Amino acid sequence: MTFEIGFMLGLLAVGLVAFIKEIFPIEVTALGILAVLVVAGIVGPKEMAAGFSSKAVVAIGGLFVLSHALMKTGVLEVAANRLSEHSKDRPWFGIGILLLCVGVFSGFLNNTAMVALSIPLVMKMCGRLGLSPSRVLIPLSYASIFGGTLTLIGTSTNLLVSAVVEESGEPPMRMFEFTGMGLVFLTTGLLYVLIFSRRLLPARAEVGATADKYSMRDFLTEIIVEEKSKLVGTTLIEKRVNERYQVTALELVRDDERHVADVGHMPLAAGDRLIVQGTVDNILRLRQEQGVSLLPDVTLDDEELSAAGQVMAEAWITHSSRMIGRTLKGMDFHRQYGGFVLAIRRIGATLREKVANVRLRYTDSLLLLIPRARLDKLRRSEDLLILSEQEVALRRERLWWLVFLVLPAVIVAAGLGWMKITAGVLVGSVLLLLLGVLKPQEAYRSIDWSVIFLIAAFVPVGHAFVSTGTADFVAKGMLSVTSWASPALAPYVALAVVYLATSTLTQMVSNNAAAIIVAPIALSLGPSLGVDPRPFLFAVCYAASAEFMTPMGYQTNLMVYGAGGYRFLDYTRFGAPLNLMFWLLSTLLIPFFFPFQPG
């Protein structure tokens with residue numbers, strides 16, 4: 001082991017810890033690793049910028065734009081709505097058709113956008129069919145992951161590995177080269193989720209009245225002690241607030257002074273503001289029985305909301321939202337959107353600030369009180385995804401039909417080899433912009449820039465793994481595992497190890513990060529074993545997409561976490577058998593589709 005190899009492995013270990021613990025946003029960690037390599041002189045200025053000119057970055061950015069253009073038409077929403085109307089007598093048959101459609105479309109469209117579009121439709125469909133969304137939303141996420149393995153453009157991981165392959169001098173991966181094994185994954189995966197979701201997933205999120213939908217979730221909100229409140233002159237402990245209402249007071253604000261320690265022991269006065277956390281039902285009960293007001297003070301039961309023309313809805317902050325990193329107070333949410341945010345929920349975190357001062361993050365859930373007319377306008381915004389029932393219709397904007405010509409043309413041209421996928425998506429995106437089907441701001445906001453920067457940062461890091469000899473060093477270490485196997489069996493053992501290593505990594509870090517780390521190693525394994533490296537590279541692609549055991553390893557898993565009321569172990573319990581099944585299938589079938597010794 002040379003000093004450079006040791007340095008690379010040490011830096012990788014530090015990066016993995018940062019990824020897993022989410023010390024910084026994932027793209028910031030990736031850029032930090034790149035910066036260290038530049039300072040150390042391992043990556044030069046030219047190589048540093050190579051990631052931003054990578055074909056994968058251009059192709060992925062264009063696919064985000066084309067996917068958004070199709071979603072904008074509303075055709076997929078209309079199709080799903082019609083499906084739910086015709087599935088009342090056979091609910092799980094209807095769910096199966098929906099998951100199959102999501103899987104197939106995810107082979108050609110951005111799967112994050114597909115799931116974002118489908119969550120409200122699933123909630124609506126479950127309400128009509130009398131099913132618990134908790135038994136459908138994880139399968140929805142998994143179906144999009146299965147579908148991403150069908151084509152080169154099904155997931156950014158496939159494009160990224162293809163770019164690494166092409167830059168190494170090997171032939172690039174073709175559009176439908178993934179499809180054979182992808183169909184095996186899609187078929188097997190859908191059968192698994194349809195059979196076992198009713199047995200292994202909880203019926204935790206029930207569909208019912210608006211207020212009831214939030215009764216089992218802890219939200220952060222703010223209450224004010226009124227002059228006539230029974231709490232005036234007493235303490236929260238004396239009134240046994242936590243015991244009686246299961247509402248936790250995190251902070252007391254009095255005369256602009258914040259008190260965090262011993263909040264429960266402080267005598268309360270009129271005008272005190274309490275930052276509390278609890279379920280909506282319990283907070284409402286506290287409000288009625290103890291004479292406190294929500295901020296703003298509103299009545300939240302369904303009957304009064306409807307009478308006042310107001311609706312209560314949950315909204316989910318999207319990856320392209322302008323709200324990310326801002327506070328409700330800073331953006332003047334009420335003036336800009338016409339509604340009130342009653343509470344905020346964040347996955348895996350306890351919020352301890354005033355609602356108005358919380359800096360919002362991607363996947364935060366907001367509990368809104370908003371006029372129905374304003375809610376319809378908010379649905380058209382790209383800042384929030386409304387997780388409530390909605391009426392859907394085909395949106396026939398100017399030249400809307402052109403999307404149905406451009407997207408298939410790009411796919412066919414790439415599939416037949418008439419045009420590189422990078423050129424195809426670029427031409428298609430520019431055409432839609434020139435003709436006004438999309439506005440430039442829409443195109444910019446449709447791109448998940450965190451993915452773009454992650455890939456752009458990691459492409460030169462991948463080059464550094466090769467140039468320093470680290471990839472060869474790790475590949476030789478992997479080969480030591482196959483030392484007991486015969487020459488004929490050794491490639492199969494190495495393939496199983498590559499798949500397992502990538503799949504394990506992708507449970508902890510992003511799929512793209514896992515792929516870019518293992519892809520250079522896979523390239524080195526082929527020549528070391530005297531076989532074609534492509535089976536190992538396809539194993540990296542398939543394994544990087546097989547993230548079923550945690551909510552944070554794949555964006556779509558994180559997206560359904562809040563809407564389904566899931567817990568971390570729900571993913572592990574339901575996803576572990578699927579991960580094991582895909583590992584065994586890949587070890588056996590990848591050599592069939594991609595022989596070690598191509599003819």
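Residues numbered from 1 in each chain as written. Predicted model: local features only at pLDDT ≥ 70, side-chain atom pairs only at ≥ 80, totals over all residues. Heavy atoms only, no water.

## Comments concerning the packing of aromatic side chains
Each aromatic ring pair is characterised by the separation of its centres together with the angle its planes make.
In step 1: Applying the stated rule across the entire model yields 19 aromatic pairs.
In step 2: Among the aromatic residues, those joined into a cluster by ring pairs are Y142, F146, F178, F185, Y192, F196, F538, Y542, F548, F574, F582 and F594. (Phe/Tyr/Trp six-rings, centres within 6.5 Å; stacked < 30°, edge-to-face > 60°.)

## Points about the packing of helix 9 (residues 156–167) against helix 24 (residues 534–545)
In step 1: Between helix 9 and helix 24, the least distance of the axes is 9 Å, while the angle of their chain directions is 155 degrees. The orientation of helix 9 relative to helix 24 falls into the category roughly antiparallel. Considering only the axes of helix 9 and helix 24, their crossing is right-handed. On helix 24, the residues touching T157, N158, V161 and V165 of helix 9 are R534, L537, V540, C541 and A544.
In step 2: Residue composition of the contact of helix 9 with helix 24, grouped by class: six nonpolar, two polar and one charged. (Axes fitted to C-alpha atoms, helices over the stretch in contact; angles between N-to-C directions. Helix = DSSP H or I, 4+ residues; strand = E, 2+ residues; numbered from the N terminus. Parallel < 35°, antiparallel > 145°, perpendicular 65-115°, else oblique. Left-handed = near helix turned anticlockwise from the far one by under 90°. Contact = heavy atoms within 4.5 Å. Nonpolar A, V, L, I, M, F, W, Y, C, P; charged D, E, K, R; others polar.)

## Structural notes on helix 2 (residues 26–39)
In step 1: Given a rise of 1.5 Å per residue, 14 residues ought to cover 20 Å, and the 20 Å separating the end C-alpha atoms of helix 2 matches this to within 8%.
In step 2: Listing the buried residues of helix 2 in full gives T29, A30, I33, L34 and L37. Along helix 2, the residues classed as buried sweep out an arc of 140 degrees about the axis, all on the same side.
In step 3: One or two steps after helix 2, the chain reaches G41, where phi turns positive at roughly 85 degrees. (Expected span 1.5 Å × (residues − 1). Buried < 20%, exposed > 50% of the residue type's maximum accessible area, 1.4 Å probe, protein only. Arc of directions from axis to C-beta.)

## What about the pairing of strand 4 (residues 273–278)?
In step 1: Of all six residues that make up strand 4, five are buried, and the element is covered over most of its length.
In step 2: Across five bridges, strand 2 (residues 248–254) lies against strand 4 in antiparallel orientation. When the sheet's bridge partners are listed, A249 is paired in strand 4 with V276. (Pairing = 2+ DSSP bridges.)

## A closer look at the pattern of salt bridges
In step 1: Here the structure, examined in full by the defined rule, presents eight salt bridges.
In step 2: A salt bridge links R240 to E243, with the shortest nitrogen-to-oxygen separation between them at 3.2 Å.
In step 3: The partner of R573 in a salt bridge is D570, and the shortest N-O contact between them spans 3.2 Å. Placement of the pair is R573 and D570 together in helix 26 (residues 568–593), with a separation of three residues, close to one helical turn.
In step 4: R573 sits in the partly exposed class, given a relative accessible area of 42%.
In step 5: By relative accessible area, which is 3% here, D570 ends up buried. (Salt bridge = Lys/Arg side-chain N within 4 Å of Asp/Glu carboxyl O.)

## Some thoughts on the packing of helix 6 (residues 91–106) against helix 10 (residues 179–200)
In step 1: One can describe the packing of helix 6 onto helix 10 by two numbers: an axis separation of 11 Å at closest approach and a directional angle of 145 degrees. As helix 6 packs across helix 10, the resulting crossing turns out to be right-handed. Between helix 6 and helix 10, the residues in contact are W92, I95, G96, L99, L100, G103 and V104 and L186, L190, V193, L194, S197 and R198, respectively.
In step 2: In terms of residue class, the contact of helix 6 with helix 10 is made up of nine nonpolar, three polar and one charged.

## Details of the environment of L66
In step 1: For L66, the location among the structural elements is in helix 4 (residues 55–73).
In step 2: With a relative accessible area of 2%, L66 lands in the buried category.
In step 3: Between the C-alpha atoms of L66 and S429, which are 363 residues apart in sequence, the distance is 6.1 Å.

## Examining the pairing of strand 2
In step 1: With three bridges joining them, strand 2 and strand 3 (residues 257–259) adopt antiparallel strand pairing. Looking at strand 3, one finds that L252 is bridged to H259.
In step 2: Linking two consecutive strands that pair antiparallel, namely strand 2 and strand 3, is a turn of two residues; a positive phi of about 50 degrees is found at D255 within it.

## Focus on a nonpolar patch on the surface
In step 1: Taken together, the side chains of V58, L426, V430, L431, L434 and L435 define a hydrophobic patch exposed on the protein surface, amounting to about 490 Å² of accessible area.
In step 2: Looking at which element gives the most residues to the nonpolar patch, the answer is helix 18 (residues 421–434), with four residues.
In step 3: Looking at the element boundaries, L426 is found in helix 18.
In step 4: Overall, the relative accessible area of 47% leaves L426 in the partly exposed class. (Patch = residues over 30% accessible without salt bridge, like charges linked within 9 Å, V, L, I, M, F, W, Y side chains within 5 Å. Areas by Shrake-Rupley, 256 points an atom, 1.4 Å probe, with all protein chains shown as cover.)

Geometric descriptors of this kind do not, in isolation, establish any biological role.
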